[in-house]
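In case you want the letters, here they are:
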Amino acid sequence: MAFQNDTLKNAIGQARDKWGWFVALGVLLLILGGIAFANLFVATVASVFFVGWLMLISGVIEIIHAFGVKTWGRFFYWLASGLLYAFAGFFAFYNPLLASTVLTFMLAVALVASGALRAWVGYEHREQRGSGWIITAGIVTVLAGLVIAMGWPVNSIWILGLFLAIDLIFQGWTFIAFGLALRK
């Protein structure tokens, strides 16, 4: 137990020495979030390209993995999965606007589904303290998904960029607050 406490204190001490880097990263993320917020279309395209790269890399990894599988059935499963991922990645680069439309629709569906599940779980545990917050968060998430779905496909050119901008801004403020807290 003493070893873990010393390790934790060492890690906190090392992080405390680097508080300025956290603040600098936070400022950079705030600036990038502001740029993304000012150019939602460009931020949407950047988001689609990022997702495209992730799908392309995943596809290549799955294709490579397919050749390491011992049975033919699993080989074809991994190969087909990898090819689909790679195709989707290439598609994101070939037609980012259509890809943003698909991703925005998937985002709306995911928000509605996860919000409904969250509200249901909160309702099932309504006798517990704080369940009202869970239900409320679920309802807000469902409403956010429905708002996105009602504006679809027109909002596809800016909604992913808006989410990216908001995330960058919140991450920036978080790193700044963390860095300043370390300084004290």
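From a predicted model like this one, the values you see are computed outputs, not experimental measurements. (Residues numbered from 1 in each chain as written. Predicted model: local features only at pLDDT ≥ 70, side-chain atom pairs only at ≥ 80, totals over all residues. Heavy atoms only, no water.)

Caption draft 1: Molecular detail of helix α4 (residues 72-94). With 23 residues, α4 ought to run about 33 Å at 1.5 Å a step, and its terminal C-alpha atoms sit 32 Å apart, in line with that. Taken together, the buried positions of α4 are Phe75, Leu79, Ser81, Gly82, Ala86, Gly89 and Ala92. Turning to α4, the residues buried within the fold contact α3 (40-66) and α5 (96-124). (Helix = DSSP H or I, 4+ residues; strand = E, 2+ residues; numbered from the N terminus. Expected span 1.5 Å × (residues − 1). Buried < 20%, exposed > 50% of the residue type's maximum accessible area, 1.4 Å probe, protein only. Contact = heavy atoms within 4.5 Å.)

Caption draft 2: Main features of the environment of leucine 168. Tracing the sequence through the fold places leucine 168 in helix α7 (residues 159-183). Assessed through its relative accessible area of 16%, leucine 168 is described here as buried. C-alpha separation for the pair leucine 168 and glycine 33, spaced 135 residues apart in sequence, amounts to 4.7 Å. Leaving out residues up to four positions away in the same chain, leucine 168 has contacts with Leu29, Leu30, Leu32, Gly33 and Ala36.

Caption draft 3: Geometry of the nonpolar core. Counting 16 residues, the largest nonpolar core has Ala36, Val48, Ala92, Ile148 and Ile159 as its most contacted members. Only α2 (19-38), α3, α5 and α7 provide two or more residues apiece to this core. Sorting elements by how many residues they give to this core places α7 first, with five residues. Apart from residues no more than four positions distant in its own chain, isoleucine 159 is found in contact with Thr44, Thr104 and Ile148. (Core = buried A, V, L, I, M, F, W, Y, C linked by side-chain atoms within 4.5 Å.)

Caption draft 4: Structural context of the packing of α3 against α5. Direction vectors running N to C along α3 and α5 enclose 80 degrees, while the axes themselves pass 9 Å from each other. On the basis of the axis angle, α3 is roughly perpendicular to α5. On the side of α3, the interface is formed by Phe41, Thr44, Val45, Val48, Phe49 and Val51, while α5 contributes Pro96, Leu97, Ala99, Ser100 and Leu103. Taken together, the residues that form the contact of α3 with α5 break down as nine nonpolar, two polar and no charged. (Axes fitted to C-alpha atoms, helices over the stretch in contact; angles between N-to-C directions. Parallel < 35°, antiparallel > 145°, perpendicular 65-115°, else oblique. Nonpolar A, V, L, I, M, F, W, Y, C, P; charged D, E, K, R; others polar.)

Caption draft 5: Up close: α5. Between its first and last C-alpha atoms α5 spans 41 Å; for 29 residues at 1.5 Å apiece the expected length is 42 Å, and the two agree. Here α5 has its buried residues at Pro96, Ala99, Ser100, Thr101, Thr104, Ala108, Leu111, Gly115, Ala119 and Gly122. Contacts from the buried residues of α5 go to α3, α4, α6 (131-151) and α7.

Caption draft 6: Structural view of the packing of aromatic side chains. With the rule as written, the count across this model stands at 10 aromatic pairs. Ring geometry for tryptophan 72 versus phenylalanine 75: centroids 5.7 Å apart, planes at 85 degrees, classification edge-to-face. Of this pair, tryptophan 72 and phenylalanine 75 are both found in helix α4, three residues apart, which corresponds to roughly one turn of the helix. A relative accessible area of 64% places tryptophan 72 in the exposed class. Among the aromatic residues, those joined into a cluster by ring pairs are Phe67, Trp72, Phe75 and Phe76. (Phe/Tyr/Trp six-rings, centres within 6.5 Å; stacked < 30°, edge-to-face > 60°.)

Caption draft 7: The arrangement of the packing of α5 against α7 in detail. The interhelical angle for the contact between α5 and α7, taken along N-to-C directions, is 65 degrees, at an axis separation of 9 Å. Taking contact as the criterion, the partners of Ser100, Leu103, Thr104, Leu107 and Leu111 in α5 are, on α7, Ile159, Leu160 and Phe163. Class assignment of the residues belonging to the contact of α5 with α7 gives a composition of six nonpolar, two polar and no charged.

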